Amino acid sequence: MKCPDAISTVPNIALTDFPNRKAKVSAEMMSAASKVGFFYVTGHGLAQADIDAAFAMSVRYLSLPEQTRARHVKDKSNAAYILGWSERRVSAGQLTHGMLMSYDSPRMEGLWPSEEECPGFKETMLTFMHKVHRVAVDIMSCLAIGLGLPEDYYLQPMDPDASDCMTAMSINQYPSWEGKAHKEGTLRRIAHTDFEVITLLFQRSGEPGLEVCAGKDTTPQQAMQSGLWVPCDPREGAITVNIGDALQYWSDGRLKSTYHRVRMPRAEEFQGDRYSIAYFANTRASTLLQGPEKKYAPITFPDILAAKKKHRKSFMKPSDSDMPDDEYIDFQKATAIGPEFEPVNAANTCIEA
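Fair warning: this is a prediction, and the values are worked out from it, not measured in the lab. (Residues numbered from 1 in each chain as written. Predicted model: local features only at pLDDT ≥ 70, side-chain atom pairs only at ≥ 80, totals over all residues. Heavy atoms only, no water.)

**Digging into the overall build of the protein chain**
Note the threshold: For the purposes of this entry, the term helix denotes a DSSP run of H or I that reaches at least four residues, the term strand denotes a run of E that reaches at least two, and both are numbered from the N terminus. Any residue under 20% of the maximum accessible area for its type is buried, any over 50% is exposed, and the rest in between are partly exposed; the area is computed with a 1.4 Å probe on protein chains only. Contacts between residues were defined by any pair of non-hydrogen atoms, one from each residue, lying within 4.5 Å. Note on areas: these come from Shrake-Rupley sampling with a 1.4 Å probe, and a residue is covered only by the protein chains present in the view.
The secondary structure content of the protein chain amounts to nine helices and 12 strands. Buried positions account for 57% of the 353 residues belonging to the protein chain. Contacts in the protein chain between residues far apart in sequence, at least 24 positions, make up 79% of those at least 6 positions apart. As displayed, the protein chain has an accessible area near 14600 Å², and 51% of this comes from carbon and sulfur atoms.

Structure (structure tokens):
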């Protein structure tokens, strides 16, 4: 089944010679962000050695004993954007677990592993986050130009050093399924959109599974029923970028926050541990989000989180970990978690929850 404006691939955008090619890069990025919501960037200037070091430190932390990681657990009373450790299991094994961290602010108090537990973790991660943010600044300057704004428009509202910065980074492990069986339809991560402005995702070669909702005008439910999911596999030297809910709102609905998911490995694919690092470039908590056309009322990122939390309470248990396997797998098949605040739903026919 084909849908209107279905995409077949995720586009690649080269940032090589960026200062001299900014107008061309901006046009390419606006096209990808408005038509697909996902794209790769290459030539971004972030050294592979820095990416490898961040992955090595991630693996070291994610390999700590469970009782150690449990001391950094997030507050599960709030379903949205709470920092710390989290996991999701089914009876056959873990689907995913990971750590969501911010810059070194009071919100991270008690969540960093100690130097005894994981030497160098905090310093390595904070250094990497600042380097990734420089790439995010280049991307946001291109999108600002495309939206008819000054190219530094997003600089101050997304300042990572501001005390109310909401930017975060997640290190994720999808544990090995070698020698294990899982029920048909199980997903490692449910179909969802990202909350924030943009995500810069780092994937490791040979570890596929990320898929993007293929149809610009197709609901996630139709996509799940018809198989309209496009692979977004790791590419050598590339960062995977996607538009989040906050930027869809902040751009008057012009830029697309696209549903995506992580499927289980196929029989012929690598069955071992899959790792990823997701940098969620975001606004400050005090920033009022309103697009240049003022299509929607001003809103803050905490407002978005509150709307999501309220919506999730309408169809989820206090913790999806409370669901038996069969119920959770049915929930995965039937559910896509995305922008729930009403103006965006009205603006984009692919956004349903």
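There's plenty left to go through after this.
**Regarding the side chain of S26**
Residue placement: S26 occurs in helix α1 (residues 18–35). Taking the relative accessible area as the measure of exposure, S26 reaches 3% and is therefore buried. When neighbours within four sequence positions are excluded, S26 is seen to be in contact with C142, I145 and G146.

**Brief notes about the packing of α1 against helix α4 (residues 121–146)**
For clarity, the cut-off: Orientation is described by axes fitted as lines to C-alpha atoms, over the contacting stretch for helices, and by angles from 0 to 180 degrees between their N-to-C directions. When describing relative orientation, an angle under 35 degrees is termed roughly parallel and one over 145 degrees roughly antiparallel, while 65 to 115 degrees is termed roughly perpendicular and anything else oblique.
Orientation of α1 relative to α4, taken along the N-to-C sense of each, is 70°, at an axis distance of 8 Å. Compared by their axis directions, α1 and α4 come out roughly perpendicular. Judged by residue contacts, F18, K22, V25, S26, M29, M30 and A33 of α1 engage D138, I139, S141, C142, L143, I145 and G146 from α4.

**Description of the pairing of strand β6 (residues 187–192)**
Test applied: Pairing between strands requires that DSSP locate at least two bridges from one strand to the other.
Counting buried positions over the six residues of β6 gives five, a clear majority of the element. Relative to strand β11 (residues 260–263), β6 runs antiparallel, the two being bridged by three bridges. Note on β11: the bridge partner recorded for L187 is R263.

**Here's the deal with unusual backbone geometry**
Glycine aside, residues mostly have negative phi angles, and peptide bonds mostly take the trans form. Located in the positive-phi region is D17, a residue other than glycine, with phi close to 55°. Position of D17 among the secondary structure elements: in the loop between β1 (12–14) and α1. Since its relative accessible area comes to 43%, D17 is described here as partly exposed. Here the phi dihedral of D252 falls at roughly 60°; this positive angle occurs in a residue that is not glycine. Residue position: D252 is located in the loop between α6 (245–250) and β11.

**Describing the pairing of strand β7 (residues 198–203)**
Burial runs high along β7: six of the six residues are buried. On β7, burial covers both faces: I198, L200 and F202 on one face and T199, L201 and Q203 on the other are all buried. Of the strand pairs in this sheet, β7 and strand β10 (residues 239–243) are connected by four bridges, and their pairing is antiparallel. Bridge pairing in β10 places T199 opposite N242.

**Let's talk about the packing of aromatic side chains**
Test applied: Note on ring pairs: Phe, Tyr and Trp rings are taken, using the six-membered ring of Trp, and paired if centres are within 6.5 Å. Classes follow the plane angle, with under 30 degrees stacked, over 60 edge-to-face and the rest tilted. Geometrically, a charge over a ring is one whose NZ (Lys) or CZ (Arg) sits within 6 Å of the ring centre while staying within 35 degrees of the ring normal.
For the coordinates displayed, the defined rule picks out seven aromatic pairs. Above the plane of the ring of F55 lies R204, whose end atom (NZ or CZ) is 5.9 Å from the centre. Positioned over the ring face of Y174 is R274, at 4.9 Å from the centre of the ring.

**Details of the sheet that holds strand β8 (residues 210–213)**
Think of a sheet as strands paired side by side through backbone hydrogen bonds, with each pair either parallel or antiparallel. Spatially, four strands are ordered β6-β11-β8-β9 in an open sheet, and the strand pairing comes out antiparallel. Across the chains shown, the open sheet's two edge strands, defined by having one partner strand only, are β6 and β9 (229–231). Put simply, the sheet's adjacent strands are angled 30° from each other on average, direction ignored.

**A short note on the pattern of salt bridges**
Inclusion rule: Whenever a carboxyl oxygen of Asp or Glu lies within 4 Å of a side-chain nitrogen of Lys or Arg, that contact is scored as a salt bridge.
Under the definition given, this model contains 11 salt bridges. Salt-bridge contacts for R284 lead to D164; the nearest nitrogen and oxygen are separated by 2.7 Å. Separated by 120 residues along the polypeptide, R284 in the loop between β12 (274–281) and α7 (301–313) and D164 in the loop between α4 and β5 (168–174) bring together distant segments of the chain. One salt-bridge network, held together by shared partners, links E211, R261, R263, R266 and E269.

**Quick notes on the packing of helix α2 (residues 48–62) against α4**
The condition is simple: Note on convention: the crossing is left-handed when the near helix lies turned anticlockwise from the far helix by less than a right angle, right-handed when the turn is clockwise. Only Asp, Glu, Lys and Arg are considered charged in this grouping, and only Ala, Val, Leu, Ile, Met, Phe, Trp, Tyr, Cys and Pro are considered nonpolar; every other residue, Gly among them, is considered polar.
Running from N to C, α2 and α4 cross one another at 140°; their axes reach a closest spacing of 10 Å. Accordingly, the angle class assigned to the pair α2 and α4 is oblique. Here α2 and α4 pass one another in a crossing that is left-handed. Residue-level inspection shows D50, I51, A53, A54, M57, S58 and Y61 of α2 in contact with α4, the latter providing F121, T124, M125, F128 and K131. Within the contact of α2 with α4, the residues separate by chemical class into eight nonpolar, two polar and two charged.

**Looking at the side chain of K22**
Within the secondary structure layout, K22 lies in helix α1. Once you skip the residues sitting within four places of it in the chain, K22 turns out to touch S141, C142, I145 and E151.

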